[in-house]
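The chain contents come next:
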There are 2 protein chains.
Amino acid sequence: MDEFALIERIRAQLGGDAPEWLVLGPGDDGAVVRPPAGQDIASSIDSFLADVHFPARADAELIGYRCLMASLSDLAAMAATPAWALVALSLPEGDAGWVTALARGMGEAATAAGARIAGGNLAAGPLTITVSVQGWAPAGTMLARSGAKPGDAICLSGPVGGAAAALKQIDLAASKPGQLSPLERSYWRPQPPFSLAPELRSHASSGIDLSDGLLADLGHVAAASGVALHLESAAIPLAEGASLDDALSGGDDYALAFTTAHKPLMARSAVIGEVASGSGLHLDGQRVDEQGFRHFR
Amino acid sequence: MDEFALIERIRAQLGGDAPEWLVLGPGDDGAVVRPPAGQDIASSIDSFLADVHFPARADAELIGYRCLMASLSDLAAMAATPAWALVALSLPEGDAGWVTALARGMGEAATAAGARIAGGNLAAGPLTITVSVQGWAPAGTMLARSGAKPGDAICLSGPVGGAAAALKQIDLAASKPGQLSPLERSYWRPQPPFSLAPELRSHASSGIDLSDGLLADLGHVAAASGVALHLESAAIPLAEGASLDDALSGGDDYALAFTTAHKPLMARSAVIGEVASGSGLHLDGQRVDEQGFRHFR
């Protein structure tokens, strides 16, 4: 099956009617999008390499779902409304069944997030999935890592550590889409809290998605905001089957960490610590290093 | 050198002051862009694989320049003004010198096109460069492949075949940035005609960039527009050292093909044929197949 026939198979999986803002979808030199008036655009790119970021032998639909949702998670972290994604796929062989399942998983994730896959690129090479995601929010309302202020609470949108626990405890290459255990779901079905976006825009001071582990990611917030973050380990909500270490250093959760001084928002989140003047991360009163995953270390 | 240190080296190469519309540049979960009011956004993604899309042993600065400019070429084809690019880089080793040179070449290309590299991703893996590019144009003015009308002239923005000739005739891995021959420039320094964009928006009916060879790319225009394209081989402007076959089937030129009925625009372009009712490509009166490069054939 050649490149253009494969692309047709992929397009057939991308969901129903195009949204009104998608002026031109896949199949031209580029997609054309008409954002609502007065919006800023958030834009991010992530690569997922076989057997580095996902088990290559795993179910293609699960891989597709996870890669797209993990990418869209960056938009949740900025309190942006997901809009369009572009997908560059390189794979060793033009296996139509595999590619169709991958596209189906991506289409499901896009639909769940309210996003649309608007274009892509296909090449023969080592299995790699690169996703560019774009979203919008009213001008000036997006969250960055740099806005945390002393006195703010440090909050999580949900339990963490599940994906790292799944990686350690389960053969994820054997997972089946319709039969996922809670631990398998932690890894294969990340659920960035897109619905929190309006409230985060109004009331949060900073946000980041948890892709590299709580310590590494909150380390970025502390550095970018020029503050100290004091965490209480007992307050960190652990996913079923996860240890504290999975949560602190494991990564891959795609839950959201944010800071806020707004009581109602705190009340609906897990408050795991407090922002203070100073620098660095502090866990139960002790200064700690960032210990997240770094490539090339 | 670890991931974050490398990213710092890359950022240092990306050019001077950020444009006003770049609200938040590299270093957060995503970039934030504020497009001018009333614009549509064009958005495209391309992957470049070592020893498929460029010689892996070539000069990194040349590779960076070419990959970014070839990506931006999609925006020229839609008559969009280049704005921001995201770059996902996977490479086997964290070689700081190589990566810095690559980023320098990308920064040069971005500056030449009036674009800005607004974010990226770095991973350890097979050498692959994936670029997502975004640009804008007043709502409703972008070119697609589908607008060619019987009676329009088929035009090229410049000579073609040079990149294919260079691939055949030269060891491109030996090219040096400061000492490029005209043939080497054809390959390493693609020059999409960004300055034509305002005129194309007003007067062209379709556009496409020449990445897969004249026949394959114009075949897309004929199919998307539901027309026949009649080409005259003698009218096709050949780059120095290029054969007609290089131009027809070679690809990698990143010149622009467009259709128009506007005489002044024709006068400043190479008119290579005419749009007619019917279907398919016709060269010197004979029906021809598309013969461009396809992955997985």
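Residues numbered from 1 in each chain as written. Chains lettered and ligands numbered in written order. Predicted model: local features only at pLDDT ≥ 70, side-chain atom pairs only at ≥ 80, totals over all residues.

A.B. asks: Describe the overall build of chain A, and please don't skip the residues or the numbers.
C.D. replies: Across its full length, chain A holds nine helices and 13 strands. A globule of 297 residues ought to have a C-alpha radius of gyration of about 19 Å, and chain A, at 19 Å, matches this closely. Its C-alpha atoms give chain A principal-axis dimensions of about 60 × 45 × 35 Å. Counting only residues that meet the buried cut, chain A has 57% of its 297 residues in that class. For chain A, restricting intrachain contacts to residue pairs at least 6 apart in sequence, the fraction spanning at least 24 positions comes to 86%. (Helix = DSSP H or I, 4+ residues; strand = E, 2+ residues; numbered from the N terminus. Rg over C-alpha atoms; globule rule 2.2 N^0.38 Å. Buried ≥ 20, exposed ≤ 12 C-beta atoms within 10 Å, placed from the backbone. Contact = placed C-beta atoms within 7 Å.)

A.B. asks: For the environment of R268 of chain A, give the residues involved together with the corresponding values.
C.D. replies: Mapped onto the secondary structure, R268 of chain A falls in the loop between α9 (263-267) and β11 (270-276). The spatial distance from the C-alpha of R268 of chain A to the C-alpha of C155 of chain A is 9.4 Å, given a sequence separation of 113 residues.

A.B. asks: Run through the domain arrangement of chain A, naming residues and quoting values.
C.D. replies: All names here are of chain A. Per the domain assignment, the segments making up chain A are domain 1 (3-138) and domain 2 (153-288). Taking only C-alpha atoms, the centre of domain 1 and the centre of domain 2 are 24 Å apart. With 23 residues of domain 1 in contact, the opposing surface of domain 2 contributes 20 residues. Every element with two or more residues in the side of domain 1 that touches domain 2 is listed here: α2 (60-77) and β4 (81-91). A total of eleven residues in the side of domain 1 that touches domain 2 trace back to one element, the largest contributor, which is α2. In terms of residue class, the side of domain 1 that touches domain 2 is made up of 15 nonpolar, three polar and five charged. (Domains from an automatic or database assignment. Nonpolar A, V, L, I, M, F, W, Y, C, P; charged D, E, K, R; others polar.)

A.B. asks: Tell me about the interface of chain A and chain B, and name the residues and values.
C.D. replies: Frequently, the measure chosen for interface size is the accessible area that the parts lose on association. Counting from both sides, the interface comprises 58 residues of chain A and, opposite them, 58 residues of chain B. Per-element accounting of the side of chain A that touches chain B gives the leading share, nine residues, to strand β3 (residues 39-49) of chain A. Pairing of β3 of chain A with strand β2 (residues 31-33) of chain B involves three bridges; the strand directions are antiparallel. The residue bridging I41 of chain A from the neighbouring strand is V33 of chain B, located in β2 of chain B. (Pairing = 2+ DSSP bridges.)

A.B. asks: Which residues make up the relation of the copies chain A and chain B, and what are the values?
C.D. replies: By a simple turn and slide, chain A fits onto chain B: the slide is 0.0 Å along the axis, the RMSD is 0.0 Å, and the turn is 180°. The transformation relating the two chain copies, once decomposed into turn and shift, fits a two-fold axis. (Least-squares fit on C-alpha atoms with pLDDT ≥ 70 in both.)

A.B. asks: Account for the sheet that holds strand β12 (residues 280-283) of chain A, with residues named and values stated.
C.D. replies: All names here are of chain A. Across the sheet, seven strands lie side by side as β8-β10-β7-β11-β9-β12-β13; this open sheet has mixed pairing. One side of each edge strand has no neighbouring strand; the edge strands of this open sheet are β8 (204-209) and β13 (286-288). Averaged over all pairs of adjacent strands, the angle between strand axes in this sheet comes to 30°, irrespective of strand direction. Both strand β9 (residues 228-231) and β11 contribute to a ladder of four bridges, which runs antiparallel. Paired with L229 across the strands is V275, a residue of β11. (Axes fitted to C-alpha atoms, helices over the stretch in contact; angles between N-to-C directions.)

A.B. asks: Tell me what's going on with the sheet that holds strand β9 (residues 228-231) of chain B, and back it up with residues and numbers.
C.D. replies: All names here are of chain B. Pairing in this open sheet of seven strands is mixed, and the strands run β8-β10-β7-β11-β9-β12-β13 from one edge to the other. Each edge of the open sheet carries a strand with a single partner, namely β8 (204-209) and β13 (286-288). The sheet shows a mean angle of 30° between the axes of neighbouring strands, taken without regard to direction.

A.B. asks: Outline the packing of α2 of chain A against helix α3 (residues 96-113) of chain A, supporting the account with residue identities and numerical values.
C.D. replies: Residues and elements named next belong to chain A. For the pair α2 and α3, interaxial distance at closest approach is 7 Å and the crossing angle is 40°. Our pair here, α2 against α3, has a crossing hand that is right-handed. Taking contact as the criterion, the partners of A60, E61, L62, I63, G64, Y65, L68, M69 and L72 in α2 are, on α3, W98, A101, L102, A103, R104, G105, M106, E108, A109, A110 and A113. Of the residues in the contact of α2 with α3, the class split is 15 nonpolar, two polar and three charged. (Left-handed = near helix turned anticlockwise from the far one by under 90°.)

A.B. asks: Lay out unusual backbone geometry in plain terms, naming residues and giving numbers.
C.D. replies: The phi dihedral of D284 of chain A is positive, around 50°, even though this residue is not glycine. Locating D284 of chain A in the fold gives a position in the loop between β12 and β13.

A.B. asks: Can you break down the pairing of β11 of chain A residue by residue, with the values?
C.D. replies: Of the strand pairs in this sheet, strand β7 (residues 153-156) of chain A and β11 of chain A are connected by four bridges, and their pairing is antiparallel. Paired with L156 of chain A across the bridge in β11 of chain A is A270 of chain A.

A.B. asks: Quick rundown of helix α4 (residues 162-169) of chain A? Include the residues and the values.
C.D. replies: All of the buried residues in α4 of chain A are G162, A163, A164, A165 and A166 of chain A. In this fold, the buried residues of α4 of chain A make contact with α5 (182-188) and α8 (244-249) of chain A.

A.B. asks: Before we move on, can you summarise the nonpolar core with the specific residues and values?
C.D. replies: Counting 203 residues, the largest nonpolar core has L68 and A85 of chain A together with L68 and A85 of chain B as its most contacted members. Non-local contacts of A85 of chain A, meaning those with residues more than four positions away in its chain, are made with L68, S71, A110, A115, I117, A118, V131, S132 and V133 of chain A. (Core = buried A, V, L, I, M, F, W, Y, C linked by C-beta atoms within 7 Å.)

A.B. asks: An account of the environment of D59 of chain A is needed here, citing residue identities and associated values.
C.D. replies: All names here are of chain A. Within the secondary structure, D59 sits in the loop between β3 and α2. Taking the C-alpha atoms as reference, D59 lies 8.9 Å from L172; in sequence the two are 113 residues apart. Setting aside its immediate chain neighbours within four residues, D59 contacts S175, K176 and P177.

A.B. asks: A description of the environment of A216 of chain A should follow, citing residues and the corresponding values.
C.D. replies: Examined against the element boundaries, A216 of chain A turns out to sit in helix α7 (residues 214-225). Distance in space between the C-alpha atoms of A216 of chain A and L281 of chain A is 9.4 Å, their sequence separation being 65 residues.

A.B. asks: For the confidence of the model for chain A, give the residues involved together with the corresponding values.
C.D. replies: Per-residue confidence for chain A gives a mean pLDDT of 92; residues scoring 70 or more make up 96%. Our summary of model confidence lists the complex with pTM equal to 0.94 and ipTM equal to 0.93. (pLDDT = per-residue confidence, 0-100.)

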